[in-house]
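The lines below spell out each chain.
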Amino acid sequence: MDLQHVESDLDLDQTLFTEDQIIGRLQEIAREVEADYEGRDLLLVGVLKGAVMVMADLARSFDRHVEMDWMAVSSYGSGTTSSGVVRILKDLDADISGRHVLIVEDIIDTGLTLSWLVTNLRSRGPASVEIATLLRKPDALQMEVDVKYVGFDIPNAFVVGYGLDYAERYRNLRSIGTLAPHVYS
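This section reports on the structure supplied with the text. (Residues numbered from 1 in each chain as written. Predicted model: local features only at pLDDT ≥ 70, side-chain atom pairs only at ≥ 80, totals over all residues. Heavy atoms only, no water.)

**Let's talk about the packing of aromatic side chains**
Then, in step 1: In total, this model carries four aromatic pairs according to the counting rule given.
Then, in step 2: Between the aromatic rings of Phe17 and Phe152, the centroid separation amounts to 3.9 Å while the plane-to-plane angle is 20 degrees, which identifies the pairing as stacked. Remark: Phe152 occurs in strand 7 (residues 149-153) and Phe17 occurs in strand 1 (residues 12-17); sequence separation between them is 135 residues. As far as burial versus exposure is concerned, Phe17 and Phe152 are alike and both buried.
Then, in step 3: With a centroid separation of 5.7 Å and an interplanar angle of 80 degrees, the aromatic rings of Phe158 and Tyr166 are classed as edge-to-face.
Then, in step 4: You can call Tyr166 partly exposed: its relative accessible area is 25%.
Then, in step 5: Three or more aromatic residues joined by ring pairs make a cluster, and in this case those are Phe158, Tyr166 and Tyr184.
Then, in step 6: The residue whose ring lies beneath Arg169 is Tyr170, and the NZ or CZ to ring-centre distance is 5.7 Å. (Phe/Tyr/Trp six-rings, centres within 6.5 Å; stacked < 30°, edge-to-face > 60°. Helix = DSSP H or I, 4+ residues; strand = E, 2+ residues; numbered from the N terminus. Buried < 20%, exposed > 50% of the residue type's maximum accessible area, 1.4 Å probe, protein only. Lys NZ or Arg CZ within 6 Å of the ring centre and 35° of its normal.)

In structure tokens form, the structure reads like this:
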């Protein structure tokens, strides 16, 4: 879905990244990952639902074979805040013991859920666990998370598109933009 298909031009304040910019950055990240994991098998672990677009385009950018698996986790809280209590809704199908794991995220906001996920995966005995994210909000971080591959640092704004949603809408936008406050307030 392109921006002209958004019901109202007033839904988005501004476009932060176009599809071409996103694809270009994911290709750069793929080159970095390939160099870092040369000669080693790699398992990409996507975090549902937001990372679907990022995972697909990152995986297609590799010039080598990679395996993919998915997890879905939920943070409990009230409204838009997280309590830090996390529940696994869909676990990995693969055994990760002794494997090199790269968690693929769409966005790192507070870092609370991702921190829990990294701890959980490391407890399963992998050879390594690293993180790749398309977007990171440095000003929103509440928990320090070591992220090896970052596409773009962004301001602490509500963003949608390219997998990121508001109430399950805007996920299939080909670009990423800031959602106008009147839409979610």
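**Here we look at the nonpolar core**
Then, in step 1: Leu26, Val33, Leu44, Leu134, Leu135 and Ile176 are the most contacted members of the largest nonpolar core, which has 27 residues in total.
Then, in step 2: When contributions to this core are tallied by element, the ones reaching two or more residues are helix 1 (19-36), helix 2 (52-61), strand 5 (100-108), strand 6 (128-136) and strand 7.
Then, in step 3: Beyond its immediate chain neighbours, meaning those up to four positions away, Ile176 contacts Thr15, Leu16, Phe17, Ile22, Leu134, Leu135, Val159, Val160, Gly161 and Tyr162.
Then, in step 4: The next biggest cluster of nonpolar side chains, apart from the first, holds 20 residues, and it includes Leu92, Ile96, Ile108 and Val145. (Core = buried A, V, L, I, M, F, W, Y, C linked by side-chain atoms within 4.5 Å. Contact = heavy atoms within 4.5 Å.)

**A short note on the sheet that holds strand 1**
Then, in step 1: The three strands are arranged 1-9-8 in an open sheet whose pairing can be described as antiparallel. With partners counted over all chains shown, the strands left at the sheet margins are strand 1 and strand 8 (159-160), one partner each.
Then, in step 2: Across two bridges, the pairing between strand 8 and strand 9 (residues 176-179) is antiparallel. Looking at the pairing, Val159 lines up with Thr178 of strand 9. (Pairing = 2+ DSSP bridges.)

**Considering the packing of helix 1 against helix 2**
Then, in step 1: Remark: helix 1 packs on helix 2, axes separated minimally by 8 Å, with the N-to-C direction vectors making an angle of 55 degrees. In terms of orientation, helix 1 lies oblique with respect to helix 2. Both helix 1 and helix 2 take part in a crossing whose hand is right-handed. Counted together, Ile23, Leu26, Gln27, Ile29, Ala30 and Arg31 of helix 1 and Val54, Asp57, Leu58 and Ser61 of helix 2 form the full contact between these two elements.
Then, in step 2: Among the residues forming the contact of helix 1 with helix 2, the class breakdown is six nonpolar, two polar and two charged. (Axes fitted to C-alpha atoms, helices over the stretch in contact; angles between N-to-C directions. Parallel < 35°, antiparallel > 145°, perpendicular 65-115°, else oblique. Left-handed = near helix turned anticlockwise from the far one by under 90°. Nonpolar A, V, L, I, M, F, W, Y, C, P; charged D, E, K, R; others polar.)

**Let's talk about unusual backbone geometry**
Then, in step 1: Following Leu48, the chain continues to Lys49 via a peptide bond in cis, the omega torsion being 0 degrees.
Then, in step 2: Inspection of the secondary structure assignment puts Lys49 in the loop between strand 2 (43-48) and helix 2.
Then, in step 3: Here Ala167, not a glycine, exhibits a phi torsion of approximately 55 degrees, which is positive.
Then, in step 4: Relative to the helices and strands, Ala167 is located in the loop between strand 8 and strand 9.
Then, in step 5: A positive phi is found at Glu168, a non-glycine position, where the angle reads about 65 degrees.
Then, in step 6: Mapped onto the elements of the fold, Glu168 is located in the loop between strand 8 and strand 9.
Then, in step 7: The class for Glu168 is partly exposed, based on a relative accessible area of 47%.

These values are about where atoms sit, not about what they do.
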